[in-house]
Each structure stands twice: as C-alpha cells, then as structure tokens.
Amino acid sequence: MGTATLETTHKHAPQTLGRVLILGLGKSGQAAARYCANLLGGRVHELYVAAGVPSAASEAFARELAAVGATVAFGDEALQTFADAAPFDICIASPGISELSDLYLRAQSLSDEIMSEVEFAWRESAPESTWIAISGTNGKTTVTSLIAHLLQVAGQRAAAVGNIGDTCLDAVAARTTDVYVAEVSSYQLASTIDFAPRVAVLLGITPDHLIWHGSYEAYQAAKFKLFANVVNTTDAFAILDATNDIVRARVRQLKAIPADERGFDYVPVGTAQGYSGDMRAACGSANAAFVSATGTLTVVIDGVEHELLSADELQIVGEHNVANALMAASAVLALGVDAATVARGLASFAPLEHRIEPCGVVGTMACYNDSKATNVDATLKALNSFPGKRVCVLLGGRDKMTELDDLVAAVADTCVCAICYGEARERFYEAFAAQQSDSLTVLQAEHMSDAFELAVAHKQPLDVLLLSPACASFDEFSCFEERGDTFKALVAAKNKQ
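Right, let's walk through the structure included here. Counting starts from 1 at the beginning of each chain's written sequence and moves along it residue by residue. The model is predicted, so local features are restricted to residues of pLDDT at least 70 and side-chain atom pairs to those at 80 or more, both for listing and for counting; the totals for chains, interfaces and linings are taken over all residues. The basis for the side-chain values is all heavy atoms of the structure; hydrogens and waters are excluded.

Some remarks on the overall build of the protein chain
Our working definition: A helix here means a DSSP run of H or I that spans at least four residues, while a strand means a run of E at least two residues long, and both kinds are numbered starting from the N terminus. Atoms considered for the radius of gyration are the C-alpha atoms alone. The globule rule reads 2.2 Å times the number of residues to the power 0.38. When accessible area is computed with a 1.4 Å probe and restricted to protein chains, residues below 20% of their type maximum are described as buried, those above 50% as exposed, and intermediate ones as partly exposed. Contact criterion: two residues are considered in contact whenever any of their non-hydrogen atoms come within 4.5 Å of each other. Every accessible area reported is derived by Shrake-Rupley at a probe size of 1.4 Å, with residue values counting cover from the shown protein chains alone. Residues scored as charged are limited to Lys and Arg (positive) and Asp and Glu (negative), so that His and the chain ends carry no count. For this purpose, a charge sits on NZ of Lys, CZ of Arg, CG of Asp or CD of Glu.
The helix and strand tally for the protein chain stands at 20 helices and 20 strands. For 497 residues, the compact-globule estimate of 2.2 N^0.38 gives 23 Å, and the protein chain sits close to it at 24 Å. Relative to its full complement of 497 residues, the protein chain shows a buried share of 56%. Contacts spanning at least 24 positions in sequence make up 68% of the contacts within the protein chain whose residues lie at least 6 apart. Counting only carbon and sulfur atoms, one obtains 50% of the accessible surface of the protein chain, whose full area is about 20,100 Å². Here the protein chain contributes 35 positive and 59 negative side-chain charges, whose respective centroids are spaced 2 Å apart.

Here it is, written out as structure tokens:
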C-alpha cells in the first residue's frame with residue numbers, strides 16, 4: 001500500500017482506492033464489483049471488470065454495473081481492452097483464477113497490488129472488528145459454523161462468512177457484524193498481503209487442489225499464509241491441529257521461537273498420538289486442547305484448564321467432529337468467552353447439512369448424507385464415525401485420481417459393504433479387488449440412485465447407509481449440495497413406499 005493515507009474508519013484501507021480492476025465475476029467478484037461500484041465518484045475513481053465467460057446472469061449484472069459508470073468486458077481478451085487504463089491501483093481476483101494462470105499474471109502486471117476478496121474485505125472492515133480465520137483441507141465449514149454459533153450463544157454479533165454464508169465483503173458492507181468468522185480457502189489465502197486475523201485456526205493439511213497451486217508444497221504455503229500477519233494483531237492466537245504431521249511441524253517451529261519474539265500465543269490440539277494426547281506432556285507446550293482420559297473435551301490456555309463437556313454429549317458424531325469441537329472451543333476461549341457458555345454452545349450445535357447429516361431410516365438402516373466428502377481424507381474421517389455398526393458406504397462420482405490404498409484399508413476395517421458408482425466406479429472397484437477382504441462385499445453401480453437401490457436390497461441387514469463419496473460430484477450433479485439433496489430425496493421416497 002506504500003505511503004497512501006489510511007482511512008481511520010477502516011482497518012487498513014487507503015482514503016483513495018483509485019483505479020480498481022475486478023478479475024472474474026463469480027460470487028466474490030460480484031461482491032467486490034458491487035462494493036466498489038457504490039464508491040464510484042468517491043474513493044473509487046474508475047472501475048473495470050474482466051468478467052470471464054458470459055452468461056445471462058452475468059450479462060444482466062454487467063448492465064447494472066455499466067449503468068453506474070463501470071467498464072465491463074467479457075472473454076479472454078478483456079484485459080487487453082483495459083491495457084490503456086493501466087496501471088490499476090488494485091486488482092481484486094476471484095478465487096477460481098489460479099495465481100499461476102496467464103490471466104492472473106497479466107492482471108498482476110497491470111496492477112500495483114493484486115489481492116483476494118478476503119484481503120480487501122479485511123482492509124475495509126471497521127478498525128475495532130475482530131476476525132477469526134479458519135482454513136485446512138477438511139472440516140472448515142463445521143468449525144466456522146461452530147465458532148460463530150458459540151459466539152452467538154455468548155451474545156456476540158458474530159457471523160460465519162467467506163466460503164459459507166455471505167462473502168466477507170458483503171458482510172463488511174452490511175455493517176451488522178462485530179466478529180467475522182471467515183472460512184478461507186487456499187485459493188483466497190494465496191492472494192492475501194496484510195490479512196491479519198486475531199485468531200487463526202488451521203485444521204489438518206492433506207493433498208488437494210494441486211492443479212490450481214501447481215504443487216503440494218505451494219498448497220501448504222498458501223495455507224500457512226493464514227499466520228503471516230497474526231503478529232500484527234493484539235492478543236492474537238493460532239489454533240493448530242497437532243495430530244496432522246505437516247501442521248505439527250509448524251507447532252514445533254512456533255515452540256522454538258521465544259514468546260516475546262513470536263508475538264502471539266498458540267494452542268496445539270492433540271498430538272501425534274491423536275486427540276487424546278496432551279501437548280503439554282508431549283513437548284512442554286504452555287497451552288493444549290485434548291480429550292481427557294474420562295472423555296472430556298479439555299482446553300488449557302494460560303495455565304487455566306477448562307473442562308467443557310463429554311464427547312458423548314456432542315450432537316455431531318465422529319472423532320473428526322470431536323476435533324472440530326476442540327478447535328472451535330479453543331478459538332472462542334482464546335477470545336475470553338467463559339467455559340460454561342462454550343460447553344452449552346457445543347452441546348446445542350446440530351449437524352450441518354451434507355456433513356454426516358442424519359437423513360432418515362430405511363428398514364434397519366440409518367442413512368447419513370456426507371456428500372461434502374469430496375476427497376479421500378474426508379471419507380476416512382466419516383468411516384470412523386460408526387464403531388460397531390454394520391456400515392454400507394457409497395463411493396464415487398468424478399474421480400480426483402488420488403491414491404486409494406488408505407481408503408480401501410479403512411473401508412475393509414469399518415464396513416460390510418461398499419458400492420462404487422459413477423465415473424470413478426471402475427478404478428475404485430479395481431482397487432478393492434486388488435485388496436480382497438472376506439468380510440467386505442464390493443459392488444458396482446452406474447449412478448448414485450442405482451447404488452442406493454443396491455444398498456436397500458442388500459441381502460444382509462445393515463445398520464448404517466453412508467453416502468461419503470471421496471469424489472467430486474460433477475459427473476452427475478452440479479455440486480455436492482445437489483448430490484446430497486438427491487440422496488436425501490431417495491431416502492424420503494423409499495420411506496413413502
């Protein structure tokens with residue numbers, strides 16, 4: 001931002017935004033365009049939008065922008081038509097546009113700064129506002145929702161934003177929120193500059209989005225940008241999943257830095273041995289979060305041990321959700337919410353849609369919609385949620401071509417039946433065939449509805465039918481939400497027969 005004079009009514013924004021370029025017109029791009037269009041004639045001098053592939057909706061939105069003085073162009077040549085207007089003071093890039101793409105690099109060359117909508121929203125937020133940012137490969141939405149819920153139970157004006165609910169910028173523009181609980185992706189973090197949440201929550205990191213980032217190392221680096229500026233926030237905390245090898249390595253790095261040099265405190269959740277591990281005993285950490293020997297969710301901050309509630313009292317099932325509860329509890333306790341309120345909020349939090357969501361019973365089978373499990377790691381977590389039950393899992397969709405050995409082993413350990421469907425069915429079926437198990441029946445189906453019918457007709461009684469696909473949904477559906485809604489409709493229809 002250089003030597004620009006900052007606005008006193010914003011956290012870190014210049015008085016003049018100048019010439020602004022919006023790259024992409026998806027959800028976050030539209031939010032940025034709306035916000036900046038409202039500032040035309042004031043802090044924004046000129047507004048240009050490179051809108052991407054046209055659609056009826058985007059063209060209608062573009063007409064609205066043009067009516068207030070913005071310049072909008074569609075297609076691959078949009079930036080070329082704006083070249084004479086460069087340099088732009090800032091460019092706000094949509095998260096779907098890879099930082100390695102020619103489009104991004106061209107926009108970067110035309111702009112003094114290029115950033116994500118999350119960065120821009122944080123800059124534009126009120127100086128007294130609090131930001132909690134959550135990232136990681138899986139579990140972000142649950143932890144984000146849970147933190148917002150806990151703060152609301154505590155009577156605070158908190159909202160879940162980012163990849164859940166309103167965009168960060170729409171929430172900032174509304175000015176009805178004091179605490180922004182932001183789910184942020186690696187895409188968004190990659191284009192942050194000064195973004196400095198007061199509490200940064202990092203869940204486990206496993207391989208994902210490698211095409212967008214170019215490598216696993218770049219993906220990890222984007223995730224760790226979550227902590228890049230935490231030191232610039234007063235009374236800041238980092239909450240880290242220490243059961244994950246990659247994240248635990250960062251815990252070791254933080255411990256090696258003297259507290260006065262580090263500039264912020266941190267809470268490691270679990271240890272290499274799992275979520276029952278106490279990092280104080282494992283490596284002398286000052287703070288820790290874990291499940292005690294009696295099954296109680298426990299968080300220790302600044303020497304105070306907060307015993308919250310039994311893991312059995314949570315409505316969200318599975319070890320990974322115990323971990324999510326520990327991460328969320330640590331974040332709000334770090335902000336000063338009392339333990340009794342946190343325990344009450346944890347107990348009242350209901351399962352989210354499409355995330356091991358109970359959706360009815362067919363015959364003896366309790367059905368669960370875990371359509372959000374679009375990668376192997378997410379499905380592995382779901383499989384551990386039903387100990388002692390006879391589980392049938394539905395796997396398939398658009399294949400992400402990840403390694404399947406761990407998935408095959410986990411299914412064999414936890415399920416009596418696996419049904420592979422969709423585009424991925426043959427590769428998945430072959431992976432199971434290569435690791436034969438006498439206790440596991442493996443079947444194939446063309447579509448998800450066919451897989452459901454096979455499960456209903458299974459010759460042995462089943463306790464649980466779990467849709468946890470470990471794949472993207474795009475072979476049959478527009479998104480994982482549509483896939484989950486379809487599964488729930490199949491369950492409902494079967495109950496009416």
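Things to note about the packing of aromatic side chains
Selection rule: We call Phe, Tyr and Trp rings a pair once their centres come within 6.5 Å, taking the six-membered ring for Trp, and we label the pair stacked below 30 degrees between planes, edge-to-face above 60, and tilted otherwise.
In the structure shown here, the tally under the stated rule is nine aromatic pairs. Taking the centre distance of 5.2 Å and the plane angle of 65° together, the rings of Tyr48 and Phe82 count as edge-to-face. Of the two residues, Tyr48 sits in strand 2 (residues 44–50) while Phe82 sits in helix 3 (residues 78–82), which places them 34 residues apart along the sequence. Here Tyr48 falls in the buried class, since its relative accessible area comes to 13%. Overall, the relative accessible area of 2% leaves Phe82 in the buried class. Consider the rings of Tyr216 and Tyr219, whose centres lie 6.3 Å apart with planes at 25°: the pair is stacked. Of this pair, Tyr216 and Tyr219 both sit in helix 10 (residues 216–224), separated by three residues, roughly a single helical turn.

Quick look at helix 5 (residues 117–124)
Counting buried positions along helix 5 yields eight of eight residues, so the element is predominantly enclosed. For helix 5, every residue scored as buried is listed here: Glu117, Val118, Glu119, Phe120, Ala121, Trp122, Arg123 and Glu124. On the buried face of helix 5, the contacting elements are helix 1 (27–37), strand 4 (88–93), strand 5 (111–116), strand 6 (130–135), helix 7 (168–174) and helix 8 (186–190).

Overview of the pairing of strand 14 (residues 304–310)
Quick note on the threshold: Whether two strands pair depends on DSSP finding at least two bridges between them.
In this sheet, strand 14 lies alongside strand 13 (residues 296–301) in antiparallel orientation, the contact comprising five bridges. In the sheet register, Val299 faces strand 14, and the bridge partner there is His306. With antiparallel pairing between neighbouring strands as the criterion, strand 13 and strand 14 make up a hairpin whose turn holds two residues, including Asp302 at a positive phi of roughly 55°.

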